[in-house]
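Listed below are the residues making up each chain.
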Amino acid sequence: MRRKLVVGNWKMHGNLNSNQILLESLIDGLKDYKNADYVVCVPNIYLFQARSLLENTNISWGGQNVNQHEQGAFTGAVAPHMLTDLGCSYVLLGHSERRVLFHETNLTAAARFDAALKAGLTPILCVGETLAEHEAGLTEVIVASQMDAVMATLDEQESAKAMQLNMAFAYEPVWAVGTGRSATPEQAQSVHAFIRNRIARRDAEAATHVRIIYGGSVKAQNAKELFAKPDVDGGLVGGASLNAEEFIEICRLAN
Ligand code: PGA
């Protein structure tokens, strides 16, 4: 049995005051849920606040991206050790907004994945097709290429480390992110099973453990059916993670 994982992706939202209200509600609302893992990925500037409020709770925190370099002249970038310095255990990588709006590629996702592993961060690799790719029937081709770009660069030791750190995949069809139009539970299940089979071709044992979470307009209202699918191991929640009541309900459904 895989433990479910629910990750809130705050994107570029929040301020000191609203974060404090939201986090305090989450701490209180989630304190009795012991059967799943809960994470919030907050803007880097608020990681210190997340750490001071979430330390010694059952909620972990993480970054929404990380740079592949250790240090240097990379204005505006954040290195993996900076995230671990602030107590992050997770980091999102290859989110579609990073790919589309910031021109990140499979290559940068692979380099960042590697750097995150070295720092001991649990990477959550986001994959997913655009609407045009979806309509052209290219979902599996795109998802496979995004997975392979990262997995193929890992040697045996790094793969073992990724599994040890409990790396996760997030299937996020781009047409479902922030649009209010979620994939159906059946569509999600089919792609999640595809992802798991592809991992199994490399490592059958790892494939049974790795968590594959779904993202794209997850709400309290559709989470139950999505989470009921055998290969959907939780959710990556954007908009609905900014509403305490809604996010707590999603977490309850995963519990
Ligand atoms: P959404 O975002 O839940 O607002 O669709 C999901 C994500 O981008 O991770």
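Residues numbered from 1 in each chain as written. Predicted model: local features only at pLDDT ≥ 70, side-chain atom pairs only at ≥ 80, totals over all residues. Heavy atoms only, no water.

Participant: Quick rundown of the overall build of the chain? Include the residues and the values.
Facilitator: The helix and strand tally for the chain stands at twelve helices and eight strands. Whereas a compact globule of 255 residues would reach a radius of gyration of roughly 18 Å, the chain reaches 17 Å, a difference of no more than 12%. In terms of overall dimensions, the chain has a C-alpha envelope of 45 × 45 × 35 Å along the principal axes. Residues classed as buried in the chain amount to 51% of the 255 residues present. For the chain, the proportion of contacts with a sequence separation of at least 24, taken over those separated by at least 6, is 73%. (Helix = DSSP H or I, 4+ residues; strand = E, 2+ residues; numbered from the N terminus. Rg over C-alpha atoms; globule rule 2.2 N^0.38 Å. Buried < 20%, exposed > 50% of the residue type's maximum accessible area, 1.4 Å probe, protein only. Contact = heavy atoms within 4.5 Å.)

Participant: An account of unusual backbone geometry is requested, with residue identities and associated values reported.
Facilitator: A positive phi angle is found at His103, which is not glycine, with a value near 55°. Mapping His103 onto the fold places it in the loop between helix 4 (96-101) and helix 5 (106-119). Here the phi dihedral of Ser217 falls at roughly 60°; this positive angle occurs in a residue that is not glycine. Mapping Ser217 onto the fold places it in the loop between strand 7 (211-215) and helix 11 (220-227).

Participant: Tell me about the pattern of salt bridges, residues and numbers included.
Facilitator: Following the criterion strictly, the structure yields 14 salt bridges and no others. Of the charged contacts, one joins Asp233 and Arg2 as a salt bridge, the two residues approaching to 2.9 Å between their closest N and O atoms. Residue Asp233 is located in the loop between helix 11 and strand 8 (234-237), and its partner Arg2 is located in the segment before strand 1 (4-9); the two are separated by 231 residues in the primary sequence. You can call Asp233 buried: its relative accessible area is 3%. The partner of Glu186 in a salt bridge is Lys229, with the nearest N and O atoms 3.5 Å apart. Pair noted here: Glu186 is in helix 9 (residues 185-202) and Lys229 is in the loop between helix 11 and strand 8, with a separation of 43 residues, a long-range link. A relative accessible area of 48% places Glu186 in the partly exposed class. Through salt bridges that share partners, Arg2, Arg196, Asp231 and Asp233 make up one connected network. (Salt bridge = Lys/Arg side-chain N within 4 Å of Asp/Glu carboxyl O.)

Participant: Outline the packing of aromatic side chains, supporting the account with residue identities and numerical values.
Facilitator: Aromatic ring pairs: the centre-centre distance and the angle between the two ring planes describe each pair. If you walk through the whole model with that rule in mind, you get one aromatic pair. Across the ring face of Phe102, the terminal group of Arg98 is positioned such that the distance to the ring centre comes to 3.9 Å. (Phe/Tyr/Trp six-rings, centres within 6.5 Å; stacked < 30°, edge-to-face > 60°. Lys NZ or Arg CZ within 6 Å of the ring centre and 35° of its normal.)

Participant: Describe in detail the sheet that holds strand 1, supporting the description with residues and values.
Facilitator: Strand pairing in a sheet is mediated by backbone hydrogen bonds. Such pairs are either parallel or antiparallel. Reading around the barrel, the eight strands line up as 1-2-3-4-5-6-7-8 and close back on themselves, with parallel pairing between neighbours. Direction aside, the axes of adjacent strands within the sheet are offset by 25° on average. In this structure, strand 6 (residues 168-171) lies alongside strand 7, joined through four bridges in parallel fashion. Within strand 7, the residue paired with Phe169 across the bridge is Ile212. Running over the sheet, helix 12 (residues 244-254) touches strand 1, strand 2 (36-41) and strand 8 and is turned about 165° from strand 1. (Pairing = 2+ DSSP bridges. Axes fitted to C-alpha atoms, helices over the stretch in contact; angles between N-to-C directions.)

Participant: Break down the site of the ligand for me, citing the residues and quoting the values.
Facilitator: Neighbouring residues of the ligand: 13 residues in total, closest Lys11, His95, Glu172, Gly178 and Ser217. Contact distances for the ligand include 2.7 Å between an oxygen atom and a side-chain N or O atom of His95. Contact between the ligand and Glu172: an oxygen atom at 2.7 Å from a side-chain N or O atom of the residue. Burial of the ligand by the surrounding chains reaches 95%, relative to a free accessible area of 280 Å². (Near = heavy atom within 4 Å. Polar contact = N/O pair within 3.5 Å; in protein donor to acceptor, adjacent residues only side chain to side chain. Areas by Shrake-Rupley, 256 points an atom, 1.4 Å probe, with all protein chains shown as cover.)

Participant: If you had to explain the pairing of strand 3 (residues 59-63) to someone new, which residues and values would you point to?
Facilitator: Within strand 3, four of the five residues are buried, which leaves the element mostly enclosed by the surrounding structure. Where the polypeptide runs from strand 2 across helix 2 (residues 47-54) and back to strand 3, its parallel neighbour, the crossover connection is right-handed. In terms of handedness, the path from strand 3 via helix 3 (residues 80-85) over to strand 4 (residues 90-93) forms a crossover that is right-handed. (Right-handed = clockwise from strand over helix to strand, strands pointing away.)

Participant: Tell me what's going on with the packing of helix 1 (residues 16-30) against helix 2, and back it up with residues and numbers.
Facilitator: Think of two packed helices as two axes; the pair is described by the angle between the axes and how far apart they sit. For the pair helix 1 and helix 2, the least separation of the axes is 10 Å and the interaxial angle reads 30°. As the angle between them shows, helix 1 and helix 2 are arranged roughly parallel. Considering how the two elements wind past one another, helix 1 and helix 2 form a crossing that is right-handed. Contact residues: helix 1 offers Leu16, Asn19, Gln20, Leu23, Glu24 and Ile27, while helix 2 offers Gln49, Ala50, Leu53 and Leu54. (Parallel < 35°, antiparallel > 145°, perpendicular 65-115°, else oblique. Left-handed = near helix turned anticlockwise from the far one by under 90°.)

Everything listed here is a matter of geometry and, on its own, says nothing about what the molecule does.
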